[in-house]
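# Observations on chain architecture
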Amino acid sequence: MATTLVKTDFNFPGQTSVYHGKVRDVYFIGDETMVMVATDRISAFDVILPEGIPYKGQVLNQIAAYFLDASADIVPNWKQAVPDPMVTVGKLAKSFPVEMIIRGYLTGSAWREYKNGCRELCGVKLPDGMRENEAFPEPIITPTTKAAEGHDENISRDEIIRQGLVSEEDYKVLEDYTRRLFALGQKMASEKGLILVDTKYEFGKVGDQVILIDEIHTPDSSRYFYAEGYEQRFEKGEPQRQLSKEFVRQWLIDHGFMGQEGQKMPEMTPEFVESVSERYIELYEHITGKKFEKADESDLAARIERNVTGWLKSAK
């Protein structure tokens with residue numbers, strides 16, 4: 001099995017601090033630049049799973065870069081360069097403390113709440129009589145707070161503004177950008193025989209400008225269905241074929257784990273880990289239309305350090 005990068009400890013030129021997230025490690029260079037390393041860690045239910053997934057970091061980083069480039073003319077973003085297959089370097093922004101989740105279909109956690117009787121999600125009223133995986137009349141925005149630790153919490157637009165998390169003026173921009181990005185993502189997915197079902201975006205500010213930050217339209221932040229067979233499966237009430245991290249969540253649920261206290265993490269066999277890696281690569285190839293080129297993984301940390309250091313020195 002291929003080598004994985006699950007822990008980083010770099011010391012890049014000009015580095016001032018580092019933040020280790022669930023999946024990404026962010027290195028801050030001076031006051032204006034950040035180096036985001038997409039590791040091979042995988043998380044579900046806000047828990048980091050015990051095994052890394054080969055090539056996952058490369059897949060996530062390259063899909064995000066693909067969509068950041070494709071959407072740059074409609075929403076400004078943080079990306080400046082991709083000096084390594086697992087790394088993006090970009091502008092350091094002051095992030096908003098909310099994630100903008102947009103849903104085109106009733107599925108996942110929204111469906112789990114709906115079938116338990118919920119008819120309002122983050123202040124958005126939901127019609128009666130909907131079925132699992134049914135399209136909403138129009139996409140709905142269901143934000144969450146961004147928790148430093150533990151679970152993100154659903155929150156409404158009015159509550160975000162009332163608590164002063166985001167100003168009303170900025171929130172209007174976030175909503176507009178969210179809808180425009182999702183429309184583009186759905187169009188690009190449709191051209192490749194996929195349905196972009198739901199996703200999340202994060203935004204920040206550089207000076208007075210709101211920009212898109214972090215990843216976009218990756219399998220960690222998004223859910224995709226195959227378009228072919230969607231209607232037939234929906235009419236029969238069958239599960240949709242999907243390319244997303246939801247199958248990992250479902251595997252954990254089937255093995256009695258949902259991140260709750262006292263639950264035991266199931267063993268991730270080499271066969272299961274390999275199957276997750278293949279799913280990520282499959283999504284890359286579907287969504288980009290490009291063949292996935294596996295980067296040299298004989299010494300991932302040394303390769304990243306060499307590539308990022310070279311870029312930082314040349315950018316001075």
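See above for the structure.
Our next topic: the sheet that holds strand S7 (residues 87-91). In space, the 5 strands of this open sheet follow the order S1-S2-S3-S7-S6, with antiparallel pairing throughout. The open sheet has two edge strands with one neighbour each: strand S1 (15-20) and strand S6 (79-84). Across the sheet, the mean angle separating the axes of adjacent strands is 20 degrees when strand polarity is ignored. Where strand S2 (residues 24-29) meets strand S3 (residues 33-38), 6 bridges bridge the pair, whose relative direction is antiparallel. From the neighbouring strand, tyrosine 27 faces S3, where its bridge partner is valine 35. In this fold helix H1 (residues 56-71) packs onto S2, S3, S6 and S7, with an angle of close to 150 degrees to the strand it touches most, S6. In this fold helix H8 (residues 300-315) packs onto S2, S3, S6 and S7, with an angle of close to 135 degrees to the strand it touches most, S6.

Turning our attention to the nonpolar core. Counting residues in hydrophobic clusters, the biggest one holds 62 residues, and the most contacted among them are Leu174, Phe203 and Tyr224. Excluding its chain neighbours within four sequence positions, the residues that come into contact with leucine 174 are Phe96, Val98, Met100, Val166, Phe203 and Val210. By size, the runner-up hydrophobic cluster in this structure holds 14 residues, among which are Tyr27, Ile29, Val35 and Val37.

Assignment of secondary structure puts lysine 125 in strand S11 (residues 124-125). In this structure lysine 125 comes out as exposed when scored by relative accessible area, which is 66%. Along the backbone, lysine 125 and isoleucine 140 are 15 residues apart, and their C-alpha atoms lie at a distance of 9.5 Å. Leaving out residues up to four positions away in the same chain, lysine 125 has contacts with Arg119 and Glu120. A distance of 2.7 Å separates the side chain of lysine 125 from the side chain of glutamate 120, its partner in a polar contact.

This next bit is on the packing of aromatic side chains. Two aromatic rings are characterised by how far apart their centres lie and by the angle between their planes. All chains considered together, the criterion is met by 14 aromatic pairs. Each ring, one from phenylalanine 12 and one from tyrosine 27, has its centre 5.3 Å from the other, and the planes form 80 degrees; the classification is edge-to-face. On the criterion of sequence distance, the pair formed by phenylalanine 12 in the segment before S1 and tyrosine 27 in strand S2 is long-range, its members being 15 residues apart. As far as burial versus exposure is concerned, phenylalanine 12 and tyrosine 27 are alike and both buried. Here the aromatic cluster, defined as three or more aromatic residues joined through ring pairs, consists of Tyr105, Phe225, Tyr230 and Phe234. Above the plane of the ring of tyrosine 226 lies arginine 241, whose end atom (NZ or CZ) is 3.8 Å from the centre. Seen from the ring of phenylalanine 247, arginine 279 lies directly overhead, with NZ or CZ sitting 4.1 Å from the centre.

Once that is clear, we can look at helix H2 (residues 108-115). Of the residues making up H2, those classed as buried are Gly108, Ala110, Trp111 and Tyr114. Buried residues in H2, looked at end-on, bunch into an arc of 140 degrees, giving them a common side.

Summarising the element assignment, threonine 144 is placed in strand S13 (residues 144-145). Overall, threonine 144 belongs to the buried group, its relative accessible area being 6%. Dropping the residues within four chain positions of it, threonine 144 is found in contact with Pro97, Val98, Glu99, Ile101, Asp152, Glu153, Asn154 and Ile155.

Turning our attention to the packing of H1 against helix H4 (residues 168-191). Remark: H1 packs on H4, axes separated minimally by 11 Å, with the N-to-C direction vectors making an angle of 115 degrees. As H1 runs across H4, the sense of the crossing is right-handed. Contact residues: H1 offers Tyr66, Phe67, Ala70 and Ser71, while H4 offers Leu181, Leu184 and Met188. Here the residues of the contact of H1 with H4 are counted per class, giving 6 nonpolar, 1 polar and no charged.

What counts as what
- Residues numbered from 1 in each chain as written.
- Predicted model: local features only at pLDDT ≥ 70, side-chain atom pairs only at ≥ 80, totals over all residues.
- Heavy atoms only, no water.
- Pairing = 2+ DSSP bridges.
- Helix = DSSP H or I, 4+ residues; strand = E, 2+ residues; numbered from the N terminus.
- Axes fitted to C-alpha atoms, helices over the stretch in contact; angles between N-to-C directions.
- Contact = heavy atoms within 4.5 Å.
- Core = buried A, V, L, I, M, F, W, Y, C linked by side-chain atoms within 4.5 Å.
- Buried < 20%, exposed > 50% of the residue type's maximum accessible area, 1.4 Å probe, protein only.
- Polar contact = N/O pair within 3.5 Å; in protein donor to acceptor, adjacent residues only side chain to side chain.
- Phe/Tyr/Trp six-rings, centres within 6.5 Å; stacked < 30°, edge-to-face > 60°.
- Lys NZ or Arg CZ within 6 Å of the ring centre and 35° of its normal.
- Arc of directions from axis to C-beta.
- Left-handed = near helix turned anticlockwise from the far one by under 90°.
- Nonpolar A, V, L, I, M, F, W, Y, C, P; charged D, E, K, R; others polar.

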